[in-house]
Amino acid sequence: MLLRLPTSLSEARRCLADGAVPVGGATLVWAQWQRDGFPEQAVSLRRLPEATVVDAQTLGAAVLLHQVDERVPEVLRRAAASIGTGAVRRTATVGGNIVGSTLRCLLPPALVLDARATVMDGDGPYEAELAEVVAKRPLMLDIRWRSPLVSGYYKAPGEAGGPPPLVVATAVHAEKDGGRRLLTAVRDSGEVLSGSVPATADAGRVLDALEGTALGGLPGEARDVVRREVADVLGRADA
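All of these numbers come straight from a predicted model, not from anything done at the bench. (Residues numbered from 1 in each chain as written. Predicted model: local features only at pLDDT ≥ 70, side-chain atom pairs only at ≥ 80, totals over all residues. Heavy atoms only, no water.)

Draft legend 1. Structural detail: the sheet that holds strand S6 (residues 124-128). In space, the four strands of this open sheet follow the order S4-S7-S5-S6, with antiparallel pairing throughout. Of all the strands in the sheet, just strand S4 (58-60) and S6 have a single pairing partner and so form its edges. Between one strand and the next, the sheet's axes are offset by a mean angle of 25°, whatever the strand orientation. Relative to strand S7 (residues 139-144), strand S5 (residues 116-121) runs antiparallel, the two being bridged by five bridges. When the sheet's bridge partners are listed, arginine 116 is paired in S7 with arginine 144. (Pairing = 2+ DSSP bridges. Helix = DSSP H or I, 4+ residues; strand = E, 2+ residues; numbered from the N terminus. Axes fitted to C-alpha atoms, helices over the stretch in contact; angles between N-to-C directions.)

Rendered as structure tokens:
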């Protein structure tokens, strides 16, 4: 297998045109390739500047999970720190988790940050909704988001090899009209659901409004965790 390491977008486009398969950090695909056979060519973005950015509003797809630090919002940082073991986080990438993984621990945080992805096909880079990224699994270059006022992240304890643990991500954003909006996303039993409601000063009304979103169909225990996490992030937004 030939591993190609483009250093420019034009090189990356040529790799895709030649049929190179994205490899990410190889934590997800290596076992599959050992079982089913290796592709002739693979492409890694670890030398592509556009895919290795870490700043207050952008996170590159080739960034390793252990490199996700205080430059990004709390919800993303805590999510990355909760994935796998230290050895996994030193190898696995942001793009691999969102696009290649079935667990997608970073997807709920990205949703509550109202993030969009920059992806690439044979015609070049373009911006895409996260739903499109998950469904079509293109080559992702980065995610970009709106900076929240506050954010929070909870991940239930889980066992290796067991079902995906509950994940609850929350964020409060300032709106152009001077109001605020609460975004909440939950991974429950492998399914990711989200809701968005005005973040008024009345926490009870906010929680009641969430019941009218997709999150209202969650089982009781998960809904209790959502209510607790939402109350916490609203309290910090008002502090």
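Draft legend 2. Structural view of the environment of serine 196. Structurally, serine 196 is set in strand S11 (residues 191-198). You can call serine 196 partly exposed: its relative accessible area is 36%. Residues within four places of serine 196 in sequence aside, it is in contact with Arg181, Leu182, Leu183 and Thr213. Reaching out from serine 196, the side chain makes a polar contact with the side chain of arginine 181 at a distance of 2.9 Å. (Buried < 20%, exposed > 50% of the residue type's maximum accessible area, 1.4 Å probe, protein only. Contact = heavy atoms within 4.5 Å. Polar contact = N/O pair within 3.5 Å; in protein donor to acceptor, adjacent residues only side chain to side chain.)

Draft legend 3. Expanded view of the sheet that holds S11. If you walk across this open sheet you meet the four strands as S8-S9-S10-S11, and the pairing is antiparallel. Since the sheet does not close on itself, it has two edges, and those belong to strand S8 (150-155) and S11, each with one partner. Sheet twist, expressed as the mean angle between neighbouring strand axes with direction ignored, is 10°. Relative to S11, strand S10 (residues 180-188) is paired through eight bridges, and the arrangement is antiparallel. Residue pairing for S11: alanine 185 is matched across the bridge by serine 194. On top of the sheet, helix H8 (residues 203-210) reaches S10 and S11; it is set at about 135° to S11, its chief contact. Relative to S8, helix H9 (residues 220-238) is tilted by about 155°, and along the sheet it contacts S8, strand S9 (167-174) and S10.

Draft legend 4. Fine view of the pattern of salt bridges. One pass over the structure, following the stated rule, counts 15 salt bridges. The salt bridge partner of glutamate 229 is arginine 228, with a shortest N-O separation of 3.2 Å. Shared partners join several salt bridges into a network, and the residues in it are Glu74, Arg78, Asp232 and Arg236. (Salt bridge = Lys/Arg side-chain N within 4 Å of Asp/Glu carboxyl O.)

Draft legend 5. Representation of the nonpolar core. If you look at the biggest cluster of nonpolar residues, it comprises 37 residues, and the most contacted ones within it are Leu59, Val94, Leu106, Met140 and Ile143. Broken down by secondary-structure element, the contributors of at least two residues to this core are helix H3 (74-81), helix H5 (94-100), helix H6 (107-112), S5, helix H7 (130-136), S7, S9 and S10. (Core = buried A, V, L, I, M, F, W, Y, C linked by side-chain atoms within 4.5 Å.)

Draft legend 6. Quick peek at the pairing of S10. With seven of its nine residues buried, S10 lies for the most part within the structure. Relative to S10, S9 runs antiparallel, the two being bridged by eight bridges. By the bridge assignment for S10, alanine 169 is matched with alanine 185. Connecting the antiparallel pair S9 and S10 is a turn made up of five residues, with glycine 178 showing a positive phi of about 95°. Hairpin connection between S10 and S11: a loop of two residues separates the two successive antiparallel strands, and serine 189 in this loop has a positive phi of roughly 55°.

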